Structures are given as structure tokens and as C-alpha cells.
Amino acid sequence: MIEISNMVNIVTEKGKRLNNEDSIYPNNFEAAQNSNLFMICDGVGGSNKGEIASTLAIESFIEFTSNHLLNITPFVIKNALNFTEIKFSEYIEAHPECAGMATTLTLLYFKVDEIIIAWCGDSRIYQIRNGKIIFKTKDHSEVQALIDKGELSPEIARIDRRKNRIYRAISSIENPTKLDIEILNDFKKDDFLMLCSDGVIESFSDSEFENLFFNNSFSEIFNSISSKCKLQSKDNYSLILIQI
């Protein structure tokens, strides 16, 4: 059985932006200690639209999955996405000024003997063991497509002017998207799982993450990421760090 005990911490901050368009679940430390479902959404759309989009996405997923919290499956997650897109369309119909709002999503759910993850956009989930990244999600972004083609290196991609252009996001039932869904069965005691928005990623390369996670304690890792993002991240940054 997977146990995460109290080795969970969260942060979400506006960085150098005027407001925070990221949303996280759970959104407080106490609730995070007792949850087996975790999400980060990074809203897009300008003004306050991104904040509305990310909040609405999390609220809709929670509303749909509230009757399935002991048995969330990939099928449930796909239906939750459809439900969320309907909620977006209803909201936009009532608030036309929010047309065009959208959000990324990362989701992680602990079952008894497996971990389900789902994502769209450029927010990420990492699994790190003994200072090595053994799994990470692949961004649905323009720069990731260029990396896949060999036209751009991951290092340059972090600072490329196109890095915020994503081709998958939750927006409305009229513009449906899809989530990539994976089931993780390879996990061991002391593995780290990290959900983060791109405001964290802009401050760390994969090699910097690996150096940080090697032989440091949970609190040292979390505090180091939070401190560096506070100093360097231009975008909103959100982080959920979990240790098995």
C-alpha cells in the first residue's frame, strides 16, 4: 500500500506577475496531509481570466469526482474533463468577457497500489528517485515539439520566446482537448513526486532538480525550490511536493 504520511507540502505564489493565475488542490497545508488527490492548474487568458479558468477547472474536477474519491479511474478522469469543458462553456455564455480563457492541468491520484497521473499543457509531474528523474510528463507545447524534432535543446527551450505557447488546454466543450493519462506502478519508499507549473520550471533545469534532490531532506528540497522561485521566477509558480 502507498503511504505518503505527512510528507507533503504546497506553495503557490504570483512571482513577478501582478496576480496569481495558478490554482492548486488541496489549497492548504492541513488538507494536503490527508488527501490522495492533487492538482495544479495554470490559467491563461490575460487579466483575471486565467485565474477564473484555473479555479473553475479545479472546482469542476472536484465536483465531478466527489463521488469517486475512493476509486478514481482513467475513465472517471476523462468524464471529469468533459464535465469541466461543459462548465467552461456555461460560464463563458454567462460571462462573454471570459471567452478565450483556458488552463493547463496536472492531476495525481494515489490508489492502493498504483498512481494515476493526467495532464494537458505545460505544467508537469516528476517522479524522482535517489536524485534521478525516472519519469516526467511531456509538455504539450511548441518548444517541446521542436525538441522532439531535434531543432531545439531543452536548455534553450527554457528561455525561448515561444516557451509559453501550448497546444493543449482546457477551454470549452466547443474546443475540446484531451488529457494524457499514465499509471505509475514503479515506485519505492522515499521516491519524490512533484507537481509544478511552468513558473517553477523556468527556474530549474532537469539537472538542477536532480542535484537538489540528491541526498537532501524533504524540507531542504522544498525550501530550496520555494526560495529560488521567489527570487527568480517571472511567472506565477506553484508546487506540490510529495514523498512516498
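Our subject is the structure that appears above.
Residues numbered from 1 in each chain as written. Predicted model: local features only at pLDDT ≥ 70, side-chain atom pairs only at ≥ 80, totals over all residues. Heavy atoms only, no water.

Caption draft 1: Spotlight on the pattern of salt bridges. Taken as a whole and judged by the stated rule, the model has 11 salt bridges. Asp139 is paired through a salt bridge with Arg124; the nearest N and O atoms lie 2.9 Å apart. You can see Asp139 sitting in the loop between strand E8 (132-136) and helix H4 (142-148) and its partner Arg124 sitting in strand E7 (residues 124-129), a full 15 residues away along the chain. For Asp139, a relative accessible area of 8% corresponds to the buried category. Within this structure, Arg129, Asp186 and Asp191 form a network of salt bridges that share partners. (Salt bridge = Lys/Arg side-chain N within 4 Å of Asp/Glu carboxyl O. Helix = DSSP H or I, 4+ residues; strand = E, 2+ residues; numbered from the N terminus. Buried < 20%, exposed > 50% of the residue type's maximum accessible area, 1.4 Å probe, protein only.)

Caption draft 2: Examining the nonpolar core more closely. Counting residues in hydrophobic clusters, the biggest one holds 25 residues, and the most contacted among them are Phe61, Ile77, Leu105, Leu107 and Leu179. Listing elements by their share of this core, those giving two or more residues are strand E3 (37-44), helix H2 (49-65), helix H3 (74-94), strand E5 (105-110) and strand E6 (115-120). Per-element accounting of this core gives the leading share, 6 residues, to H3. Apart from the residues lying within four places of it in its own chain, the contact partners of Leu107 are Leu37, Phe38, Met39, Phe61, Ile77, Ile116, Ile117, Ala118, Ile125 and Leu195. Ile2, Ile24, Leu184 and Ile240 belong to the second largest nonpolar core, which has 21 residues in total. (Core = buried A, V, L, I, M, F, W, Y, C linked by side-chain atoms within 4.5 Å. Contact = heavy atoms within 4.5 Å.)

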